[in-house]
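Letter by letter, the chains look like this.
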There are 2 protein chains.
Amino acid sequence: MQRRGSTAVESNTWGSVRERLRERGLRWTPQRRNLVEVLARTDGHITGAELVARCRVADSATTPSTVYRTLDVLEELGVLQHCHGVDGREEFHVMPASEHGHLFCKACGGTWDIDDAEASALLGALRDDRDFVADLSHLTVVGRCRQCAEVATRG
Amino acid sequence: MQRRGSTAVESNTWGSVRERLRERGLRWTPQRRNLVEVLARTDGHITGAELVARCRVADSATTPSTVYRTLDVLEELGVLQHCHGVDGREEFHVMPASEHGHLFCKACGGTWDIDDAEASALLGALRDDRDFVADLSHLTVVGRCRQCAEVATRG
DNA sequence: GGGGTTGATGCAACGAGTTGCATTTGCCAC
DNA sequence: GTGGCAAATGCAACTCGTTGCATCAACCCC
Ligand SMILES: [Mn+2]
Ligand SMILES: [Mn+2]
Ligand SMILES: [Zn+2]
Ligand SMILES: [Zn+2]
C-alpha cells in the first residue's frame, strides 16, 4: 500500500475531519490540514497562541486569524472543545480521556480534573430545578485547596 | 457641617477604602479616588474597559494601566470581586446584594444568578471530598437553558 | 482538464489588557 | 513647611485575539 502525500492524518476523529467539513460545504485546505495534524499529535489543554506556534513549525507562514477561525469551525464540528484557564483565556481540550471539568487553586496554582460523578451534584441540581443542561467540559471552579487553606489558617 | 472637597465618597465600604489602603502602606491618589467614585455609582457586573471609559468622563487623562492596577489592589483589599463572562473576560462585581455564581445559556445568551443554596450541591461536595473551598462569586456555568434545549430537540 | 461559485486566506487595523521603566508624588518624620 | 523614601503613575512596547475586506483557491459540474 503506497502512501500518498495527502493521507497522513489518521486516528478515527481526525481522519474524519475532511469528510465532516465536506458534508457542510466547507473546504479542506493546506492550512486546516496543518492544524489538524498538530492537534492529532497533541493531548491535554492547549491555548490558541501555542497552537499557532506549533503550526508555524511546519508552515512558517501560518496566520493567527486563520488558526483561530479554524478552531471555531472544528469546535462547531464537535471534534474539539474549549474551557477557560484560571485567567479566563481559552484552552482547547484535545481528545480528553473522559469528559471533565476543571478545578484551580488560586493560591498555589494547582489544578485537578472534576469527573462526571463529582460534578453531578451541581449539574444534576441545575438540570432538575431549571432544566438547564450544563456543559461539564467548559466548567472551571476556582478556590483554595486543602494545603493552601491550612497555610492561610495557620498564618 | 461644611463639605470639604476631598470627602465626597461615602457609603460604608467605599468610604473606608482610603483607610484600608493606608493600613497597608498604600496611597490615596486622585486616580484612585476617581475610580472609587465611579465604582460607588455602579452596581451589577462591569468590565475593566467600561470602567476606564467611565473614569474618563471625570478625568479624560485616565490611563488604562492605572485603572487595571487599581482594580487589582481593590480586589486584594476585598472591596471588589471579579468573575468571568461567557467569553472569559473579567467582569467586576460591585457590591452584589448577595454572593452568587453565574449561569449562561450559550444558545440564547440568557444569564441567571446561582445562589448559595443552589450551588451548595457542588461546592459542598468539593469541600467534603477534597477540603477544597470554592469561590462561588467566581463561578460561571455555561450550558443550554430549557427553552433552547426544547428548540434544539424539536428542530 | 477548464470555469465558476463561494468559502478561506492573508493582511492591516483595531481592542483589551499587561509589563518594564523612568518620572512623579503621596505620605510621614522632623 | 521641608525633605526623603517608596509607592503610583504614565508611557511605550508588547501579546493575544478579533474583524472587515480584497484576493485566492477548493470544490463541483460539465
Ligand atoms: Mn478569574
Ligand atoms: Mn467559553
Ligand atoms: Zn493550593
Ligand atoms: Zn437559552
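Residues numbered from 1 in each chain as written. Chains lettered and ligands numbered in written order. Predicted model: local features only at pLDDT ≥ 70, side-chain atom pairs only at ≥ 80, totals over all residues. Heavy atoms only, no water.

A.B. asks: What should I look at first to understand the coordination of the manganese ion (ligand 1) in this one?
C.D. replies: In a perfect tetrahedron of four donors around a metal, the angles come out at 109.5 degrees. In a perfect octahedron of six, they are 90 or 180 degrees. All names here are of chain B. Taken together, His82 (NE2), His84 (NE2) and His138 (NE2) make up the full set of protein donors to the manganese ion (ligand 1), lying 2.0 to 2.2 Å away. Each donor residue of the manganese ion (ligand 1) belongs to the same chain, with the gaps between them written as H-x1-H-x53-H. Of this pair, His82 sits in strand S2 (residues 81-84) while His138 sits in the loop between strand S6 (133-134) and strand S7 (140-144), and the two are 56 residues apart along the sequence. In this structure His82 comes out as buried when scored by relative accessible area, which is 14%. Note on His138: relative accessible area 9%, which makes it buried. (Donors = N, O, S within 2.8 Å, 3.2 Å for Na, K, Ca; no water. Helix = DSSP H or I, 4+ residues; strand = E, 2+ residues; numbered from the N terminus. Buried < 20%, exposed > 50% of the residue type's maximum accessible area, 1.4 Å probe, protein only.)

A.B. asks: Whenever I open this one, the coordination of the manganese ion (ligand 2) confuses me. Can you help?
C.D. replies: Residue and element names in this part refer to chain A. At this site the manganese ion (ligand 2) is bound by His82 (NE2), His84 (NE2) and His138 (NE2), with donor distances of 2.1 to 2.2 Å. Mapped onto the polypeptide sequence, the residues donating to the manganese ion (ligand 2) form the spacing pattern H-x1-H-x53-H. Pair noted here: His84 is in strand S2 (residues 81-84) and His138 is in the loop between strand S6 (133-134) and strand S7 (140-144), with a separation of 54 residues, a long-range link.

A.B. asks: Could you clarify how one ought to interpret the packing of aromatic side chains in this entry?
C.D. replies: How two aromatic rings sit relative to each other is given by the distance of their centres and the angle of their planes. This model, assessed by the stated rule, comprises two aromatic pairs over all chains. Ring centres of Trp112 of chain A and Phe132 of chain B lie 6.2 Å apart, and the angle between their planes is 75°; on these two criteria the pair is classed as edge-to-face. Of this pair, Trp112 of chain A sits in strand S5 (residues 111-114) while Phe132 of chain B is found in the loop between helix H5 (116-130) and S6, placing the two residues in two different chains. What makes Phe132 of chain B buried here is its relative accessible area of 2%. (Phe/Tyr/Trp six-rings, centres within 6.5 Å; stacked < 30°, edge-to-face > 60°.)

A.B. asks: I'm lost on unusual backbone geometry in this one. Help?
C.D. replies: Of note in this structure, Asp131 of chain A is not a glycine but carries a positive phi near 55°. Tracing the sequence through the fold places Asp131 of chain A in the loop between helix H5 (116-130) and S6.

A.B. asks: In this structure, what is going on with the sheet that holds S2 of chain A? I would like to understand it.
C.D. replies: Hydrogen bonds along the backbone pair up the strands of a sheet, which may run parallel or antiparallel. All names here are of chain A. The antiparallel open sheet is built from three strands, whose spatial order is S1-S3-S2. Of all the strands in the sheet, the pair left with one neighbour each is strand S1 (44-46) and S2. Averaged over neighbouring strand pairs, the angle between their axes works out to 40° when direction is ignored. As paired strands, S2 and strand S3 (residues 90-94) are joined by four bridges and run antiparallel to one another. Looking at the pairing, Gln81 lines up with His93 of S3. (Pairing = 2+ DSSP bridges. Axes fitted to C-alpha atoms, helices over the stretch in contact; angles between N-to-C directions.)

A.B. asks: I keep staring at the sheet that holds strand S1 (residues 44-46) of chain B and nothing clicks. Help me out?
C.D. replies: All names here are of chain B. One open sheet holds the three strands; their spatial order is S1-S3-S2, and the pairing between them is antiparallel. Pairing within the sheet leaves two strands with one partner each, and these edge strands are S1 and S2. For this sheet, the mean angle separating the axes of adjacent strands, direction not counted, is 40°. Where S1 lies against strand S3 (residues 90-94), three bridges are found, and the strand directions are antiparallel. In the sheet register, Ile46 faces S3, and the bridge partner there is Phe92. Sheet strands touched by helix H3 (residues 48-58): S1 and S3. Its angle to S1, the strand with the most contacts, is close to 85°. (Contact = heavy atoms within 4.5 Å.)

A.B. asks: What's the story with the protein's contact with DNA strand C in this structure? I'm lost.
C.D. replies: The immediate surroundings of DNA strand C are formed by 21 residues, with Thr29 and Arg32 of chain A together with Arg27, Trp28 and Tyr68 of chain B found nearest. Of all DNA strand C atoms lying within 4 Å of any protein atom, the proportion belonging to sugar or phosphate reaches 65%. Between DNA strand C and Ser65 of chain A there is a distance of 3.2 Å, counted from a base nitrogen to a side-chain nitrogen or oxygen. Contact distances for DNA strand C include 2.8 Å between a phosphate oxygen and a backbone N or O atom of Trp28 of chain B. Going through the elements one at a time, helix H2 (30-40) and helix H4 (64-77) of chain A together with helix H1 (17-23), H3 and helix H4 (64-77) of chain B are the ones with two or more residues in the surface near DNA strand C. (Near = heavy atom within 4 Å. Polar contact = N/O pair within 3.5 Å; in protein donor to acceptor, adjacent residues only side chain to side chain.)

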